[in-house]
Amino acid sequence: MRFHCLQHLLNEGPGHAAEWLLANGHSLTFTRFFEPNPTLPELSEFDGLLILGGAMSVHDEAAFPWLVEEKAFIREVLRAGKVTLAICLGAQLVAEALGAEVRPNHEPEIGFWTVRFSAKALEHPLLRGWPEKAAVLHWHLDTFTVPPGAIRVGMSAGCATQGFVWGDGIIGLQFHPEMTVEMVELLIEFEGHETAEEQQFVQTAEQIRAKLKSVWKGRKLLESLLANLVAVHEGELDLLDS
């Protein structure tokens, strides 16, 4: 299966997603918006879309003009019905395209916090094999409402909407299952988090490092999700439901 990745920042790459896709015989191409003259593919050139996170907001079109083109591209992908996995900023972009509101969360959510997945979402084929809850990495200031017609993936103490599933093959996640230990360290450095103080839903750099083994919980969720996305694309939905 041919996946295409929309990457917004150098230090927020596909991580565990790229490892799984390449290890399982799938291809991965990129549009990197942080590089000069980024180009987007034709819809015929890929089967599934992976949209990553970033420090910018979906509303920052004046500072990042490429957001306008990216948003139009995402709407085309959704109309075409291609399977899509969107993470953090990516989930916010897809949520907005589906008619949801993207706005500041009531508190920043940074660190490893537990997400409880909704019973209805766990019945969806894309979440086949997921547990009822998991401690995963969060790093966001904004949030979004559940798009019309979508299913809420779950919630944490710090954020009411931790993702959504829309249709058979579209999923957005507010948290970061793709990040490796090395990526978390780069994010701490990039965000200047080394000196950050503890808040209600913000862990210090030391607290985050103490929980780094939890990235493997996110990886397990991601690997199940990617396998399910591939199965949906290949028409194995009945097999997933059985």
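Reading the values: rules and limits
Residues numbered from 1 in each chain as written. Predicted model: local features only at pLDDT ≥ 70, side-chain atom pairs only at ≥ 80, totals over all residues. Heavy atoms only, no water. Pairing = 2+ DSSP bridges. Helix = DSSP H or I, 4+ residues; strand = E, 2+ residues; numbered from the N terminus. UniProt positions renumbered as here; feature names shortened; annotations may be inferred. 1 Å grid on protein atoms, 1.4 Å probe; cavity = no way out; pocket = protein on both sides within 12 Å on 5 of 7 lines; lining within 4 Å. Points joined across faces, edges and corners; volume = space filled by probe spheres on them. Buried < 20%, exposed > 50% of the residue type's maximum accessible area, 1.4 Å probe, protein only. Phe/Tyr/Trp six-rings, centres within 6.5 Å; stacked < 30°, edge-to-face > 60°. Lys NZ or Arg CZ within 6 Å of the ring centre and 35° of its normal. Salt bridge = Lys/Arg side-chain N within 4 Å of Asp/Glu carboxyl O.

In the nomenclature of an unreviewed UniProt entry, the chain corresponds to Type 1 glutamine amidotransferase from the organism Hymenobacter jeongseonensis.

Engineer: Residues and numbers for the sheet that holds strand β4 (residues 83-87), please.
Structural biologist: Taking strand neighbours across the sheet as the criterion, the seven strands line up as β2-β1-β3-β4-β10-β9-β7 in an open arrangement whose pairing is mixed. Every interior strand has two partners, whereas the edge strands, β2 (27-32) and β7 (151-152), have only one. Where β7 lies against strand β9 (residues 163-166), two bridges are found, and the strand directions are antiparallel. In the strand pairing of β9, Ile151 is matched with Val165.

Engineer: Explain the UniProt feature "domain: Glutamine amidotransferase" (unreviewed entry) in the chain residue by residue, including any values.
Structural biologist: Within this numbering scheme, the UniProt entry marks residues 23-181 as carrying the feature "domain: Glutamine amidotransferase" (unreviewed entry). Span residues 23-181 is 19% helix and 35% strand, its end C-alpha atoms 19 Å apart.

Engineer: I'd like to hear about the layout of surface pockets, residue by residue, with values.
Structural biologist: In this model, the largest pocket occupies a volume close to 280 Å³. What lines the largest pocket is a set of 16 residues, and nearest its centre among them are Gly54, Ala55, Trp139, His140 and Leu141. Where the lining of the largest pocket is concerned, the elements lending two or more residues are α3 (89-97) and β6 (133-144).

Engineer: Report on the pairing of strand β10 (residues 170-173), specifying residues and quantitative values.
Structural biologist: Residues Ile170 and Gly172 line one face of β10 and the alternating positions Ile171 and Leu173 line the opposite face, and both faces are buried. Looking at chain direction, β4 and β10 are connected through four bridges and run parallel. Paired with Leu85 across the two strands is Ile171, which belongs to β10. Pairing geometry for β9 and β10, over four bridges, is antiparallel. By the bridge assignment, Phe164 is partnered in β10 with Gly172. In this structure, the hairpin formed by β9 and β10 is closed by a connection of three residues, where Gly167 is found at a positive phi of approximately 70°.

Engineer: Now, about the packing of aromatic side chains: what can you tell me, with residues and values included?
Structural biologist: Under the counting rule described, the total for this entry stands at seven aromatic pairs. Taken together, a centroid distance of 5.7 Å and an interplanar angle of 55° make the contact between Phe64 and Trp66 tilted. Residue Phe64 is classed as partly exposed on the basis of its relative accessible area, which comes to 29%. Judged by centre distance (5.9 Å) and plane angle (75°), the ring pair of Trp113 and Phe201 falls under edge-to-face. Here the residue Trp113 occupies a position in strand β5 (residues 102-117), and Phe201 occupies one in the loop between α5 (181-190) and α6 (205-210), the gap between them amounting to 88 residues. Among the aromatic side chains, those forming a connected cluster through ring pairs are Phe33, Phe64 and Trp66. The residue whose ring lies beneath Arg32 is Phe30, and the NZ or CZ to ring-centre distance is 4.0 Å. Stacked on the ring of Phe46, the Lys or Arg Lys82 has its end atom at 5.1 Å from the ring centre.

Engineer: Break down the pattern of salt bridges for me, with residues and values.
Structural biologist: Considering all chains together, one arrives at eight salt bridges under this definition. Arg2 serves as the salt-bridge partner of Asp47, at 2.9 Å between the closest nitrogen and oxygen. Of this pair, Asp47 sits in the loop between β2 and β3 (48-51) while Arg2 sits in strand β1 (residues 2-7); the two residues are 45 residues apart in sequence, bridging distant segments of the chain. Residue Asp47 is classed as buried on the basis of its relative accessible area of 14%. Put simply, Arg103 and Glu101 hold a salt bridge, and the shortest N to O gap is 3.0 Å. Using a relative accessible area of 37% as the deciding quantity, one classes Arg103 as partly exposed. For Glu101, a relative accessible area of 41% gives the class partly exposed. Salt bridges sharing partners connect three or more residues here, namely Glu19, Arg219 and Glu223.

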